[in-house]
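Okay, here's what each chain looks like letter by letter:
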Amino acid sequence: MTPSLLWFRDAYLPAPEIVRFSSGSAVEQGIDSDWRLPADGGCARVAEELRHHLAVVDPD
């Protein structure tokens, strides 16, 4: 899935920090802030940000 996110970020919405995301776990916990897809970097950087999000909203 990460290559699709890179395409979406780089080709479809190339403005920095425009792609924002959240998750069902965040919503269930009342966390209303969103996270941003990194404006640059490859699959590893995007995956790192997704893992960070999961660690914050579901640390167990």
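Parameters and conventions
Residues numbered from 1 in each chain as written. Predicted model: local features only at pLDDT ≥ 70, side-chain atom pairs only at ≥ 80, totals over all residues. Heavy atoms only, no water. Helix = DSSP H or I, 4+ residues; strand = E, 2+ residues; numbered from the N terminus. Contact = heavy atoms within 4.5 Å. Core = buried A, V, L, I, M, F, W, Y, C linked by side-chain atoms within 4.5 Å. Buried < 20%, exposed > 50% of the residue type's maximum accessible area, 1.4 Å probe, protein only. Salt bridge = Lys/Arg side-chain N within 4 Å of Asp/Glu carboxyl O.

(A) Fine view of the overall build of the protein. Counting its regular elements, the protein contains three helices and two strands. Sequence-ordered secondary structure for the protein, helices as α and strands as β, is α-β-α-β-α. Taking the principal axes of its C-alpha atoms as reference, the protein extends roughly 35 × 20 × 15 Å. Pairs at least 24 apart in sequence give 48% of the contacts found in the protein among residues at least 6 apart.

(B) Structural view of the nonpolar core. If you look at the biggest cluster of nonpolar residues, it comprises five residues: Leu5, Leu6, Val19, Leu37 and Val46. Sequence-distant contacts of Leu6, that is, excluding residues within four places in its chain, are made with Ala11, Gly41, Gly42, Cys43 and Val46.

(C) Region of the structure containing the side chain of His53. In this structure, His53 sits in helix 3 (residues 43-57). Residues in contact with His53, not counting those within four places in the same chain, are Phe21, Ser22, Ser23, Ala26 and Trp35.

(D) Structural context of the pattern of salt bridges. Enumeration according to the criterion identifies three salt bridges in this entry. One salt bridge connects Arg20 with Asp34, and the closest N-O pair in it is separated by 3.7 Å. Taken together, the residues Arg20 in strand 1 (residues 20-21) and Asp34 in the loop between helix 2 (24-28) and strand 2 (35-36) connect sequence positions 14 residues apart. Among the salt bridges present, the one from Arg45 reaches Glu48, with a minimum N-O distance of 3.8 Å. Of this pair, Arg45 and Glu48 both sit in helix 3, three residues apart, roughly one helical turn. The class of Arg45 is partly exposed, set by a relative accessible area of 32%. Among the residues examined, Glu48 registers a relative accessible area of 47% and is labelled partly exposed.

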